[in-house]
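Per-entry structural report
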Amino acid sequence: MDRILFGDNQFFAVNHLSDEKARAQSVRFAKNEAIIKVLDTALDLGIKTFMCTTHDRISGICDHIRKNPQRYNDFKIFPCMPYAHKYANAVTELGIVGALKEYLPGNIFSTIAKGGIAYAKKDFIAMMELLIDAEMKMFKGIDTPVIFIQNVLTDLILGLGMKDIFRAYHTYIIKKYNAEPGYITMNLAYLLDVLEEVGIKNPIVCSSINKIGFRMSGGKDLYEKTIAEREFRPVAMQVLAAGALRPAEAFEYVCKQKKIESILFGASSHDHIKESRDMINRFNN
Amino acid sequence: MIKTGIIGLGKMGLSHASIINAHRDLDLVSVCDTSNLILEAMKKYGSYEVYTDYEKMINGSDLQALFVATPTKYHADMVIYALGKGIHVFCEKPFALTIAQGENMVELAKKNKLVNQVGYHNRFIGTFNYLRKLIENKAIGEVYHFIGEAYGPVVVKRKESTWRSDSSEGGGCLFDYASHVINLIEYVLDDIKEVDGVILKKIYSSGVEDAVYSGLYLANGLSGQLSVNWSDETYRKMSTQITVLGTEGKIITDAQELKIYLKKENKKLGLEKGWNMRYITDLTDPVDFYLRGEEYSAQVDYFAKCIASSGTLENVNSFESALHTDVIIELLKNKSR
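Residues numbered from 1 in each chain as written. Chains lettered and ligands numbered in written order. Predicted model: local features only at pLDDT ≥ 70, side-chain atom pairs only at ≥ 80, totals over all residues.

1. What to know about the overall build of chain A
Of the regular secondary structure elements, chain A holds 12 helices and eight strands. For 285 residues, the compact-globule estimate of 2.2 N^0.38 gives 19 Å, and the C-alpha radius of gyration of chain A, at 19 Å, lies within 12% of that figure. Across its three principal axes, chain A shows a C-alpha extent of roughly 60 × 45 × 35 Å. Across the 285 residues in chain A, those meeting the buried criterion constitute 43%. When contacts within chain A are restricted to residue pairs at least 6 apart in sequence, long-range pairs at least 24 apart make up 74% of them. (Helix = DSSP H or I, 4+ residues; strand = E, 2+ residues; numbered from the N terminus. Rg over C-alpha atoms; globule rule 2.2 N^0.38 Å. Buried ≥ 20, exposed ≤ 12 C-beta atoms within 10 Å, placed from the backbone. Contact = placed C-beta atoms within 7 Å.)

Put into structure tokens, the structure is as follows:
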């Protein structure tokens, strides 16, 4: 994994501190060209991995990347699935079974379609695989060496104690996509316990890691100890604690923890991206 | 460990189930739903007893606590059955379909001295609690007006109906969205006594309203406005905001931040003259297990603490306070033209 991963929250009206800022961003990135321009800026600054949710709009970005193979020669995407709001809104409206009907490919009431058979047999792993395939469709032909599950799903499964789902996900991502499975979580230590239990070794785990302990369940001390002592490949997100920290102190805190492999951040302007990159490089040494 | 069960495994139910199961003092032993598919998954990948009949679950699982996350029309039967068996109950919102049902639940919980809580999670959000404290401390002088708002993209086009589009089943913007804002206003400011100029607007739905607008009059004499719309796709998710205006300033609060304007510096509260910002990052206590917002974990944790305290901790979001929200919902319905 690259040291710096470029995030996508700034493009899709996600700002953990301010709805107002989020709205302003959504105006700015209403068109795909605006997103591509920022990605190009990052790429020119040497940031070659884009870690993004499987938002519908990403498919437009993928089209652009496929059309310009030379420009994006060594560009990688780390997809994070699913785009939870899509499913959450469907579940609110149609219920869980209704939402499955909407998103499982094929007609679930037709036993001929693969989705129909899986549904009729209550083959949950097969249904999961179909949903993964549906989410991954837009990335066809693009290098996706790591594929993440979003925290809301990771943590839902974690809380429910459905450990075998992690095992099945892990196996499928390696087998079908020849990629490394990754896990985003707000409950780092707890997740590592469970992944270990089902025999997943040295996993890639992305979690909030910041100086003020924001969204770090169990607290900062536990996280520091976990990162230092346990066998996994940490990716740090929410390093700026949703903007509560100044960049310098934020990046210094993360870079000091030598086991952290990659740092995820998002920014919209050339200067901000460059400033963050330079800071990370400086604190690396 | 408190032996806990849950009825209803929709979005809220699954989220509660995950938080309960991860909680150090709660033991999720059994789940109940009508969907075979969901139950099969819970049985296969979890370690839960599964039921399709809630009475069988309550009798078979020796529960101490129960979460009810079904549509509102089922609440009363389930809650009363559980309270009758001496089980502490956490019920999703909106609480009751009729005031009479709500009163029965409130009375029985009181009579049997059981912990009772309703899922109005805004009361566990740091920013709204801080707003409440600022108002109590007269940070903006005499309050003279407020606006309670919530907007989101639940129904943004015409389509087939579900229970959410049937008001007799607890559907509609008033039940689903406005209830949160009404409840929050009562928590932060005071109980609502009277409503006037009520507009219940259908936008895409045919059976229920998609927007609620009204004047509100509180017990302490304060007046303000309610503006709620669940058909506004300019919002990515539900966004709730309370604005309070006073003789000495103004406060605008949502789940993420407070914008506080003061005419004069307030040393006691550490606020400067002019605009002050306070962020959720400084106002939120960490939780042991995070799923989708600290408030969802915090409310479950508080419910567990109340049970463990054997009656010494006071209920937050008690049945009684949730029933008052239902009373106002009823009032808004009756007063609309």
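From this point, the discussion proceeds with the structure in view.
2. Considering the overall build of chain B
Across its full length, chain B carries 10 helices and 14 strands. Against the 2.2 N^0.38 benchmark of 20 Å for 337 residues, chain B shows a C-alpha radius of gyration of 20 Å, consistent with a compact globule. Its C-alpha atoms put chain B at 60 × 45 × 40 Å along the principal axes. Counting contacts in chain B only where the partners sit at least 6 residues apart, residues at least 24 apart contribute 69% of the total.

3. Brief notes about the sheet that holds strand 3 (residues 49-51) of chain B
Residues and elements named next belong to chain B. As summarised here, the arrangement of the six strands in space is 3-2-1-4-5-6, forming an open sheet in which the pairing is parallel. Here the strands that pair on one side only, and so sit at the sheet edges, are strand 3 and strand 6 (116-118). For this sheet, the mean angle separating the axes of adjacent strands, direction not counted, is 20°. Where strand 2 (residues 26-32) meets strand 3, three bridges bridge the pair, whose relative direction is parallel. Bridged to Cys 32 within strand 3 is Tyr 51. In this fold helix 4 (residues 72-84) packs onto strand 1 (2-7), strand 4 (65-68) and strand 5 (88-91), with an angle of close to 160° to the strand it touches most, strand 5. (Pairing = 2+ DSSP bridges. Axes fitted to C-alpha atoms, helices over the stretch in contact; angles between N-to-C directions.)

4. Looking at the domain arrangement of chain B
Along its sequence, chain B is organised into domain 1 (2-121 + 291-318) and domain 2 (126-279). Computed over C-alpha atoms only, the centres of domain 1 of chain B and domain 2 of chain B are separated by 27 Å. (Domains from an automatic or database assignment.)

5. Considering helix 10 (residues 220-229) of chain A
Residue and element names in this part refer to chain A. Looking only at helix 10, the buried set comprises Tyr 223, Thr 226 and Ile 227. Burial along helix 10 is one-sided: seen end-on, the buried residues are contained in an arc of 95°. Facing away from the buried surface of helix 10 by more than 90 degrees, the exposed residues are Asp 221, Ala 228 and Glu 229. (Arc of directions from axis to C-beta.)

6. Re the packing of helix 5 (residues 99-111) of chain B against helix 10 (residues 319-335) of chain B
Residue and element names in this part refer to chain B. Between helix 5 and helix 10, the least distance of the axes is 10 Å, while the angle of their chain directions is 170°. Between helix 5 and helix 10, the crossing angle belongs to the class labelled roughly antiparallel. Two secondary-structure elements touch here, helix 5 through Ile 99, Gly 102, Glu 103, Met 105, Val 106 and Ala 109 and helix 10 through Phe 319, Glu 320, Leu 323, Asp 326, Val 327 and Glu 330. Of the residues belonging to the contact of helix 5 with helix 10, the class tally is seven nonpolar, one polar and four charged. (Parallel < 35°, antiparallel > 145°, perpendicular 65-115°, else oblique. Nonpolar A, V, L, I, M, F, W, Y, C, P; charged D, E, K, R; others polar.)

7. Remarks on unusual backbone geometry
Residues A:Met81 and A:Pro82 are joined by a peptide bond in cis, for which omega reads -10°. Its location among the elements puts A:Pro82 in the loop between strand 3 (76-81) and helix 4 (84-103). Each neighbour pair has its own omega, and for B:Lys93 with B:Pro94 the value is -15°, a cis peptide bond. A positive phi angle, near 45°, is found at A:Gln238, a position not held by glycine.

8. Considering the environment of B:Val208
Residue and element names in this part refer to chain B. Along the chain, the position of Val 208 falls in the loop between strand 8 (192-201) and strand 9 (211-218). With 23 C-beta atoms packed within 10 Å, Val 208 lands in the buried category. Separated by 114 residues in the primary sequence, Val 208 and Ala 322 have C-alpha atoms spaced 21 Å apart.

9. Overview of the sheet that holds strand 12 (residues 249-254) of chain B
Residue and element names in this part refer to chain B. Across the sheet, which stays open at both edges, the eight strands sit in the order 8-9-10-7-11-12-13-14 with mixed pairing between neighbours. In this open sheet, the two strands that pair with only one neighbour each are strand 8 and strand 14 (274-279). The sheet shows a mean angle of 10° between the axes of neighbouring strands, direction not considered. Pairing of strand 7 (residues 143-151) with strand 10 (residues 223-229), which is carried by six bridges, proceeds in the parallel orientation. The partner of Gly 148 across the bridge, within strand 10, is Leu 226. Here helix 10 sits on the sheet in contact with strand 8 and strand 9, set at roughly 50° to strand 8.

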